[in-house]
Amino acid sequence: MVTMLEVINRIPTVCHDILNHREETMTDLIQSLPSKINQIILVGSGTSNTSAITARRFIEKASGLQTICILPDQLLNNCFAYNPDALYVFTSHSGTSTLTCEAAKKITALGYLTAAVTDGKENAIAGMVKVYINQRNGVEEYLMRTIGYCSSVLTLMMMGLEIGKARCALNSSQINEYLAQAEKAISHHPALVKAAMDWFDFNKEKLMAADTFTIYGIDSLWGVALEEALKILEVSKRKIAIGYEFDDGMHGPTMGYTSSNCVIVLHDGGREDLRAHQLVRFAKNELGYGYLIGENPVDENDLAIHLTGGEFIFLELSPVVQVLAYRLAIDYGIDLTDMSYHSETKYFNTHNEA
Ligand SMILES: N[C@@H]1[C@@H](O)[C@H](O)[C@@H](COP(=O)(O)O)O[C@@H]1O
């Protein structure tokens, strides 16, 4: 079986394919889009939720439509007023997440516009919505999705771009600029996987010793932080990790950190440059574990990345933490092909029978 690193290395190929087919992928959606649409609602669980949180900003920016994310259980059981003029987008890689499917059926039955982002028209959820959107992921050998995260984020972002184009919210030079940013982020990916491997080797002793990881990200990088904390947890199988929105994660959690907690700030070099440095310095000096990944590093232990992907920087920062999760597992001797770790299905199941 291929290694998870080999799977991560396939991400650029899948991303190119998504970009190249974006118009074809979105044709049905664009044809179904009523002029009165006033909101986009993104629904999904697990990585399908973190990918929506990552893509939300761009979808709203490109489409000109307010865009929100909601978990399926919340939409089904904790919401009481549904917007009839919204586009509801249900993301499910497998197409069988139980509550995402139930929510898709409920909103479709109300007669509102629904779409499913999923990897194949034969997936159950595609039959529960008005519009099928092909995620173009292809076979992914590990249940802990790395390609799947990137393919769903990029597909959702291309949806935002095509909606923006159809509504004339974007002009052709803006579209070309966004596509150029996406290309730059994709072509940067292989170098970043290598840089992440070298960074891990350089800091291996400390990274292997940390008990917990707290990942911080601003704006779209909040979604990356949530996703990559999940990845550290499910891949390493021995480290607890939490993802925080940058500012929110400075409101309290820092009071509880111990010397075994590793703080990682995914940094875009933008408006929170000062506080990003303050947080990383606090972690380096008071805890012993603090790393900045991205623009404007604090010291030689950080991973300096000159980000070139504009709105698509998730493709430059997510591989670093995916590699971290992978190395935390394999350097400890965890066999990622051993699915007996996944014995939860004897007790509960979050997905319908395929
Ligand atoms: N452990 C998996 C997650 O990795 C996955 O993201 C989630 C949603 O799955 P899907 O995208 O197929 O709906 O289901 C499970 O909880």
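Shown above is the structure to which this text applies.
Residues numbered from 1 in each chain as written. Predicted model: local features only at pLDDT ≥ 70, side-chain atom pairs only at ≥ 80, totals over all residues. Heavy atoms only, no water.

Q: What is the right way to look at the packing of helix H7 (residues 147-166) against helix H12 (residues 314-330) in this model?
A: For the pair H7 and H12, interaxial distance at closest approach is 11 Å and the crossing angle is 165 degrees. Compared by their axis directions, H7 and H12 come out roughly antiparallel. Seen along the crossing, H7 lies across H12 with a hand that is right-handed. Judged by residue contacts, Tyr149, Cys150, Val153, Leu154 and Met157 of H7 engage Phe314, Leu315, Ser318 and Gln322 from H12. (Axes fitted to C-alpha atoms, helices over the stretch in contact; angles between N-to-C directions. Helix = DSSP H or I, 4+ residues; strand = E, 2+ residues; numbered from the N terminus. Parallel < 35°, antiparallel > 145°, perpendicular 65-115°, else oblique. Left-handed = near helix turned anticlockwise from the far one by under 90°. Contact = heavy atoms within 4.5 Å.)

Q: What am I meant to see in the packing of aromatic side chains here?
A: Per the stated rule, a full pass over the model turns up 7 aromatic pairs. On the basis of an interplanar angle of 20 degrees and a centroid distance of 6.3 Å, the ring pair of Tyr88 and Tyr112 is categorised as stacked. Here Tyr88, found in strand E3 (residues 86-91), pairs with Tyr112, found in the loop between helix H6 (98-109) and strand E4 (113-118); they are 24 residues apart in sequence, far enough to count as distant. For Tyr88, a relative accessible area of 0% puts it in the buried group. Aromatic side chains Tyr216 and Phe246 sit 6.4 Å apart centroid to centroid with 70 degrees between the ring planes, which places their arrangement in the edge-to-face category. With Tyr216 in strand E6 (residues 212-217) and Phe246 in the loop between strand E7 (240-245) and helix H10 (253-256), this pair connects stretches of sequence that are 30 residues apart. Given the relative accessible area of 2%, Phe246 is considered buried. Here the aromatic cluster, defined as three or more aromatic residues joined through ring pairs, consists of Phe58, Tyr178 and Phe312. In this structure, Lys206 packs its charged tip against the face of Tyr289, placed 5.4 Å from the ring centre. (Phe/Tyr/Trp six-rings, centres within 6.5 Å; stacked < 30°, edge-to-face > 60°. Buried < 20%, exposed > 50% of the residue type's maximum accessible area, 1.4 Å probe, protein only. Lys NZ or Arg CZ within 6 Å of the ring centre and 35° of its normal.)

Q: What is the right way to look at the sheet that holds E4 in this model?
A: Strand pairs in the sheet, formed through backbone hydrogen bonds, run parallel or antiparallel to each other. Spatially, 5 strands are ordered E2-E1-E3-E4-E5 in an open sheet, and the strand pairing comes out parallel. In the strand order of this sheet, the two ends are held by strand E2 (66-70) and strand E5 (131-134), each with one partner. Each adjacent strand pair in this sheet contributes to an overall mean axis angle of 20 degrees, direction not counted. Sheet analysis places E3 next to E4, joined by 5 bridges and oriented parallel. Bridge pairing links Val89 to Ala115 in E4. Taken strand by strand, helix H4 (residues 47-63) contacts strand E1 (39-43), E2 and E3, and its axis lies near 175 degrees from that of E2. (Pairing = 2+ DSSP bridges.)

Q: Would you mind going over the layout of surface pockets with me for this structure?
A: The rolling of a water-molecule-sized probe over the atoms marks out the regions of remaining empty space. Its boundaries defined by the atoms lining it, the largest pocket holds a volume of some 1200 Å³. Along the wall of the largest pocket there are 44 residues; nearest its centre are Leu143, Glu234, Glu344, Thr350 and His351. Taken together, the elements giving at least two residues each to the lining of the largest pocket come down to H4, helix H5 (72-77), H6, H7 and helix H9 (220-236). In terms of residues, the lining of the largest pocket owes the most to one element, H9, which gives 4 residues. (1 Å grid on protein atoms, 1.4 Å probe; cavity = no way out; pocket = protein on both sides within 12 Å on 5 of 7 lines; lining within 4 Å. Points joined across faces, edges and corners; volume = space filled by probe spheres on them.)

Remember, this is a structural readout, not a statement about activity or role.
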